[in-house]
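Each chain, written out:
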Amino acid sequence: MTITQWLIFILIIQVIHGLGTWKLYVKAGRQAWEAFIPVYNSVILMKIINRPWWWTILLFVPIVNLIMLPVVWVETARSFGKNTYQDTCLAIITLGFYNYYLNYVADVSYVENRDLNPKSSSGDWTSSILFAIVAATIVHTYFIQPFTIPSSSLEKSLLVGDFLFVSKFHYGARIPMTTVGAPMVHDTIPIINKKSYLFDDRIEKRSSSWKNKLQLPYLRLPGFEDIERNDIVVFNQPADTLLDMNNFNPDRNYYKPIDKKTNLVKRCVGIAGDSLEVRDGYVYINGKKNELPDRAKLQFAYDIVLKGNFTADQIYDALKRYDITDNPYQLEQGTIVVQATEESVAKAKNNPYFASISRRVTPKGEDGNLFPRDPQYPWNYDNFGPLYIPKEGATIDLNLDVLPLYRRLISEYEGNSLTVKGNQILINGAPANSYTFKQNYYWMMGDNRDNSIDARAWGFVPFDHVVGKPVFIWMSWNGKSPRWERWFTTVGGSGKATSYLIPFLVLLFGWFGFNTWRKRKKANS
């Protein structure tokens, strides 16, 4: 929905609210017209139900308002003497239209100084749980989101089984675009395995014109820093099909809203305005080799020829000695393929088990069926580009040669109609030989260069797909046991990561001890 459509929708809701409550406002000593004024009517309603004014803000926060609205409906009924379980159920299952019955049919009186305390322990628990969910949803949506590393694409920097805190406010928190969904759940509700948001299966999945009817336009709160080159970034995968992570057909991703696409974490090796090329696996920006932070460790694919026959455990133990741990597999009898850093390989060459170690490099010009999947761009994982990463406000010359690189950006990400008739490109029905971009784009890649499905497979990442910046590893688990040395470590910074687990535990126990002492002192005084 556009902003205009949303304003019309909100005005309709205000009229429905006014028609269903104006007599209740009068009975509470207010004026009838106050029930119809947007926002102001909510502030007055909070006074009527004897709740704080800032509840009004929560009514306009996406997802959070789905929790708050039923609470307000129930509180309104109780403010006019309707306190039974039946009244509570009717207020909720009628989606607030129970107010129409109270407004026009029921003989009710306003209870001015009603007791706001729950009448039972179950009511107390329900109230506490609801507002715990509200608080957690606000933190999750606008400040910090937990995230788990699912793959080894950033191996050595971030490991499979690392549990992260991702900052939403570094780059600016994105306002939820999907307005009707379960709080603190991404795409699918666990256990029941159902969509977590309102979704119309009847709409053709391949249609680029599809829009979720209750989608908000893209909006983002101001951040305090821009994405910098080599930042590790969490984002929604642009080409997400969910059905098959290895199928990157661009025409199949329209059936998921942006903020419900799969979350990925990669390193931003190219920012808006850069010219990028991959040469033999190394990234070059504007013609210069990209220098990674000291914590980043590039890994490439290597063939290891063994001396003799060894068991899998013997081979694994030998590789682990050199920190080569990313799922080695046997290519053929006597040869294994590993992902390793250059430093590890240099040390491993002296191992008596290994006859030779050689790096796998796909020659330039050999087509790897990667982005943009066009015969004139025979790029592969080791040799890719060059290409320009678009910047907001930048204009490019547009022709049939560069169109495969930017077609998806112009049509899908920036909402234009793009067609080709003969040698002529039409944007929104008008001939075009240039195009000016509306937002910044980024190039996301894994440090594990030959074991990372990244931008080389699906192309540019628009800024509206950016979720946030990983800042902290609060827990790490290797599948069998904790990696204690990684608990409570920072994601960024230079030098070896330092664990702050012990200081945290000291502060935690100190806080509990202080609270216990204070309560005892208060009880004895």
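Scroll up a little and you will see the structure.
Here we summarise the structure given alongside this text.

On to the overall build of the protein, then. Of the regular secondary structure elements, the protein holds twelve helices and 23 strands. For the protein, the spread of C-alpha atoms along the principal axes amounts to about 90 × 80 × 40 Å. The buried share among the 525 residues of the protein stands at 45%. Considering only contacts within the protein whose residues lie at least 6 apart along the sequence, 67% involve residues at least 24 apart. Charged side chains of the protein number 58 positive and 48 negative; the gap between the two group centres comes to 7 Å.

Under the definition given, this model contains 29 aromatic pairs. An angle of 65° between the planes, with centres 5.0 Å apart, marks the rings of Tyr 377 and Trp 379 as edge-to-face. With a relative accessible area of 12%, Tyr 377 lands in the buried category. Among the residues examined, Trp 379 registers a relative accessible area of 8% and is labelled buried. Among the aromatic residues, those joined into a cluster by ring pairs are Phe 371, Tyr 377, Trp 379, Phe 384, Tyr 406, Tyr 413, Tyr 435, Phe 437, Tyr 441, Trp 443 and Phe 460. Taking NZ or CZ as reference, Arg 279 lies 4.0 Å from the ring centre of Tyr 284, over its face. When the ring centre of Phe 300 is taken as reference, the NZ or CZ atom of Arg 359 above it lies at 3.8 Å.

Looking now at the side chain of Asn 383. Tracing the backbone shows Asn 383 in the loop between β13 (354-359) and β14 (384-388). On the basis of relative accessibility, which here comes to 9%, the residue Asn 383 falls in the buried class. Side-chain polar atoms of Asn 383 contact the backbone nitrogen of Asp 280, separated by 3.1 Å.

Turning our eyes to something else, we now look at the sheet that holds strand β9 (residues 288-289). Read from one edge to the other, the open sheet built from four strands follows the order β9-β8-β7-β14, with strand pairing classed as antiparallel. Every interior strand has two partners, whereas the edge strands, β9 and β14, have only one. Of the pairings in the sheet, the one linking strand β7 (residues 275-279) to β14 comprises three bridges and is antiparallel in character. Counted as the bridge partner of Leu 276 is Leu 387 from β14.

Every regular strand shows the same layout, with side chains that alternate between the two sheet faces. Pairing analysis gives five bridges linking strand β1 (residues 144-148) to strand β2 (residues 162-167), with the strands arranged antiparallel. Looking at the pairing, Gln 145 lines up with Val 166 of β2. In this structure, β2 lies alongside strand β22 (residues 466-476), joined through six bridges in antiparallel fashion. In the sheet register, Phe 163 faces β22, and the bridge partner there is Met 475.

Let us look at a nonpolar patch on the surface. On the surface, Ile 502, Phe 504, Leu 505, Val 506, Leu 508, Phe 509, Trp 511, Phe 512, Phe 514 and Trp 517 cluster together into a nonpolar patch covering about 1,000 Å² of accessible area. Within the secondary structure, Phe 509 sits in helix α12 (residues 501-524).

With that settled, consider the packing of helix α1 (residues 3-27) against helix α2 (residues 40-48). Two packed helices can be described by the angle between their axes and the distance between those axes. At their nearest, the axes of α1 and α2 sit 12 Å apart, and the two run at 35° to each other. Viewed along their axes, α1 and α2 form a crossing whose handedness is left-handed. For the pair α1 and α2, the contacting residues are Gln 14, His 17 and Tyr 25 in the first and Asn 41, Ile 44, Leu 45 and Ile 48 in the second. Looking at side-chain class alone, the contact of α1 with α2 contains four nonpolar, three polar and no charged residues.

Turning to helix α8 (residues 312-320), a few remarks are in order. Among all positions in α8, only Ile 315, Ala 318 and Leu 319 are buried. Down the axis of α8, the buried set is contained in an arc of 95°. They therefore lie on one face. Away from its buried face, by an angle of more than 90 degrees, α8 presents the exposed residues Asp 313 and Lys 320. At its buried positions, α8 is contacted by β10 (300-306), β12 (335-340) and β13.

Reading across the sheet, the three strands line up as β16-β17-β18 and stay open at both edges, with antiparallel pairing between neighbours. The open sheet has two free edges, formed respectively by β16 (418-421) and β18 (430-431), since each of these has just one partner strand. Where β16 lies against strand β17 (residues 424-427), four bridges are found, and the strand directions are antiparallel. For Val 420, the partnering residue across the bridge sits in β17 and is Ile 425.

The rules behind each value
- Residues numbered from 1 in each chain as written.
- Predicted model: local features only at pLDDT ≥ 70, side-chain atom pairs only at ≥ 80, totals over all residues.
- Heavy atoms only, no water.
- Helix = DSSP H or I, 4+ residues; strand = E, 2+ residues; numbered from the N terminus.
- Buried < 20%, exposed > 50% of the residue type's maximum accessible area, 1.4 Å probe, protein only.
- Contact = heavy atoms within 4.5 Å.
- Lys, Arg positive; Asp, Glu negative; His and termini not counted.
- Charge placed at Lys NZ, Arg CZ, Asp CG, Glu CD.
- Phe/Tyr/Trp six-rings, centres within 6.5 Å; stacked < 30°, edge-to-face > 60°.
- Lys NZ or Arg CZ within 6 Å of the ring centre and 35° of its normal.
- Polar contact = N/O pair within 3.5 Å; in protein donor to acceptor, adjacent residues only side chain to side chain.
- Pairing = 2+ DSSP bridges.
- Patch = residues over 30% accessible without salt bridge, like charges linked within 9 Å, V, L, I, M, F, W, Y side chains within 5 Å.
- Areas by Shrake-Rupley, 256 points an atom, 1.4 Å probe, with all protein chains shown as cover.
- Salt bridge = Lys/Arg side-chain N within 4 Å of Asp/Glu carboxyl O.
- Axes fitted to C-alpha atoms, helices over the stretch in contact; angles between N-to-C directions.
- Left-handed = near helix turned anticlockwise from the far one by under 90°.
- Nonpolar A, V, L, I, M, F, W, Y, C, P; charged D, E, K, R; others polar.
- Arc of directions from axis to C-beta.

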